Amino acid sequence: SRRAQPARLLAELVRARRQAPGRALSLEKLFEVGWPGESAVLKAKRQRVHTAIYTLRKAGLGEVVERADGGYRLTPTTRVLESRPDG
């Protein structure tokens, strides 16, 4: 469950990258995605999102997850490949 939030953030960053390359997602949006239905003060939201982003970077995505325009995004040059299950 420690990886659930970073995984949700990554999925949202990928969706945003596909829809609008270069657009950054705000701290508020990332918190909503990572912790649906929860509320927290700004400092706690910031800490949770930063920790989840740190986890993604530590997992090997440090070169593609960047801070921009007050939020986070996948770098505009990042290629996103979709894998489809057989069937």
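The coordinates are above.
Structure report, in brief. Bear in mind the structure is a predicted one, so any value in this text is a computation, not a measurement.

Calculation notes
- Residues numbered from 1 in each chain as written.
- Predicted model: local features only at pLDDT ≥ 70, side-chain atom pairs only at ≥ 80, totals over all residues.
- Heavy atoms only, no water.
- Helix = DSSP H or I, 4+ residues; strand = E, 2+ residues; numbered from the N terminus.
- Contact = heavy atoms within 4.5 Å.
- Buried < 20%, exposed > 50% of the residue type's maximum accessible area, 1.4 Å probe, protein only.
- Pairing = 2+ DSSP bridges.
- Axes fitted to C-alpha atoms, helices over the stretch in contact; angles between N-to-C directions.
- Parallel < 35°, antiparallel > 145°, perpendicular 65-115°, else oblique.
- Left-handed = near helix turned anticlockwise from the far one by under 90°.
- Nonpolar A, V, L, I, M, F, W, Y, C, P; charged D, E, K, R; others polar.

1. Here's the deal with the environment of Ser 26
And step 1. On the secondary structure map, Ser 26 appears in strand β1 (residues 25-26).
And step 2. For the pair Ser 26 and Arg 48, spaced 22 residues apart in sequence, the C-alpha to C-alpha distance is 13 Å.
And step 3. The contact partners of Ser 26, leaving out residues within four places of it in the chain, are Gly 70 and Gly 71.

2. A word on the pairing of strand β3 (residues 71-74)
And step 1. Residues Gly 71 and Arg 73 point to one face of β3 and Tyr 72 and Leu 74 to the other, with burial holding for every one of them.
And step 2. Taken together, the four bridges between strand β2 (residues 65-68) and β3 define a ladder with antiparallel strand orientation. The residue of β3 that forms the bridge with Arg 67 is Tyr 72.
And step 3. In textbook terms, the turn of a hairpin is the stretch between consecutive antiparallel strands, and for β2 and β3 this stretch comprises two residues, one of which, Asp 69, has a positive phi near 50°.

3. Here we look at the packing of helix α1 (residues 4-19) against helix α2 (residues 27-34)
And step 1. Running from N to C, α1 and α2 cross one another at 125°; their axes reach a closest spacing of 8 Å. Here α1 is positioned oblique relative to α2, judged by the angle of their axes. Of the two elements, α1 crosses α2, and the hand of that crossing is right-handed. Contact residues: Gln 5, Arg 8, Leu 9, Glu 12 and Leu 13 in α1; Lys 29, Leu 30, Val 33 and Gly 34 in α2.
And step 2. Each residue belonging to the contact of α1 with α2 can be placed in one class, and the counts come to four nonpolar, two polar and three charged.

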